[in-house]
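Listed here are the chains, written in short residue letters.
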Amino acid sequence: MLDIREIAPVHLLFICSRNKWRSRTAEELYRDFLGYVAKSAGTEPGSRQRVTEGLIGWADLIFVMETKHRDYLRDKFPEALAGKKVICLRIPDDFTFNDPDLIDLLKADLSPHLPIRD
C-alpha cells in the first residue's frame, strides 16, 4: 500500500502584482494542506516577494490573478515557463489580505484545478 507521505508534494505558486493581498491569501489557503506546498510572489518591483526564475522552476502549477501577470511571466521568463502550466484566475485587485470575499472567490476559481479546504 502506498503511503501518501512517500508522494512528492505538488508545488503551487500564486502570483499577483505586489504579493500583499491576493497571492498571499491563496498561499495561506494551501498552507499545511497535505500533498501541496504553496508559495506566492508579485510581479512589481515593490513586491513583498518578487517572482524569480527560481520560483518558476520550483513550481509545478502557477496561478496568476490577472492576464497582465501571465503576460509578464511570458515576457520575463520564457525559458523557465517552458512546459509549465499557468492558470489565470481573473481575480481583480479589489481585496485586502484574507478578505472573506476574496477567500470565497479563490475557492470557487481554484476548485476546478485543486481540492479546496473548508
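For clarity, every value in this text was computed on a predicted model and none was experimentally measured.

Conventions and cut-offs
Residues numbered from 1 in each chain as written. Predicted model: local features only at pLDDT ≥ 70, side-chain atom pairs only at ≥ 80, totals over all residues. Heavy atoms only, no water. Pairing = 2+ DSSP bridges. Helix = DSSP H or I, 4+ residues; strand = E, 2+ residues; numbered from the N terminus. Axes fitted to C-alpha atoms, helices over the stretch in contact; angles between N-to-C directions. Core = buried A, V, L, I, M, F, W, Y, C linked by side-chain atoms within 4.5 Å. Buried < 20%, exposed > 50% of the residue type's maximum accessible area, 1.4 Å probe, protein only. Parallel < 35°, antiparallel > 145°, perpendicular 65-115°, else oblique. Left-handed = near helix turned anticlockwise from the far one by under 90°. Contact = heavy atoms within 4.5 Å. Phe/Tyr/Trp six-rings, centres within 6.5 Å; stacked < 30°, edge-to-face > 60°. pLDDT = per-residue confidence, 0-100. Right-handed = clockwise from strand over helix to strand, strands pointing away.

(A) How the structure looks around the sheet that holds strand β2 (residues 36-42). One open sheet accounts for four strands, arranged β2-β1-β3-β4; its pairing is parallel. Both outer strands of the open sheet, β2 and β4 (85-88), are each paired with one neighbouring strand and no more. Each strand of the sheet is rotated relative to its neighbour by a mean of 20°, with strand direction disregarded. As judged from the four bridges shared by strand β1 (residues 10-16) and strand β3 (residues 61-64), these two strands associate in the parallel manner. Across the sheet, isoleucine 15 pairs through a bridge with valine 64, a residue of β3.

(B) Seen up close, the nonpolar core. Ranked by internal contacts, the top residues of the largest apolar core, which has 21 residues, are Leu12, Phe14, Tyr30, Phe63 and Leu106. Within the residue set of this core, elements represented by two or more residues are β1, α1 (22-29), β2, β3 and α4 (100-110). Sort the elements by how many residues they give to this core and α4 lands first, with four residues. Formed by 15 residues, the second largest nonpolar core is a distinct cluster that contains Leu55, Ala59, Leu81 and Cys88.

(C) Fine view of the packing of α1 against α4. α4 packs onto α1 with a crossing angle of 65° between their chain directions and a minimal axis gap of 10 Å. Looking at the two axes, α1 sits roughly perpendicular to α4. Regarding α1 and α4, the two cross each other, and that crossing is right-handed. Of α4, the residues touching α1 (which contributes Arg22, Thr25, Ala26 and Leu29) are Leu102, Ile103, Leu106 and Lys107.

(D) A look at the packing of aromatic side chains. Summed over all chains, the structure comprises six aromatic pairs. Among the aromatic residues, ring-to-ring pairing joins Phe14, Tyr30, Phe33, Tyr36 and Phe63 into one connected group.

(E) Layout of the confidence of the model for the protein chain. Residue-level pLDDT values for the protein chain average 92, and 92% of them are 70 or greater. Here α4 stands out as the element of the protein chain with the lowest mean pLDDT, 95, in contrast to β3, whose mean of 98 is the highest.

(F) Spotlight on the pairing of β2. Within β2, five of the seven residues are buried, which leaves the element mostly enclosed by the surrounding structure. Handedness of the β1-α1-β2 crossover: right-handed.

(G) Structural detail: the side chain of arginine 70. Mapped onto the secondary structure, arginine 70 falls in helix α3 (residues 67-76). A relative accessible area of 18% means that arginine 70 is categorised as buried.

(H) Quick look at α1. Counting buried positions along α1 gives six out of eight residues, so the element sits mostly inside the fold. Within α1, burial applies to Arg22, Ser23, Thr25, Ala26, Glu27 and Leu29.

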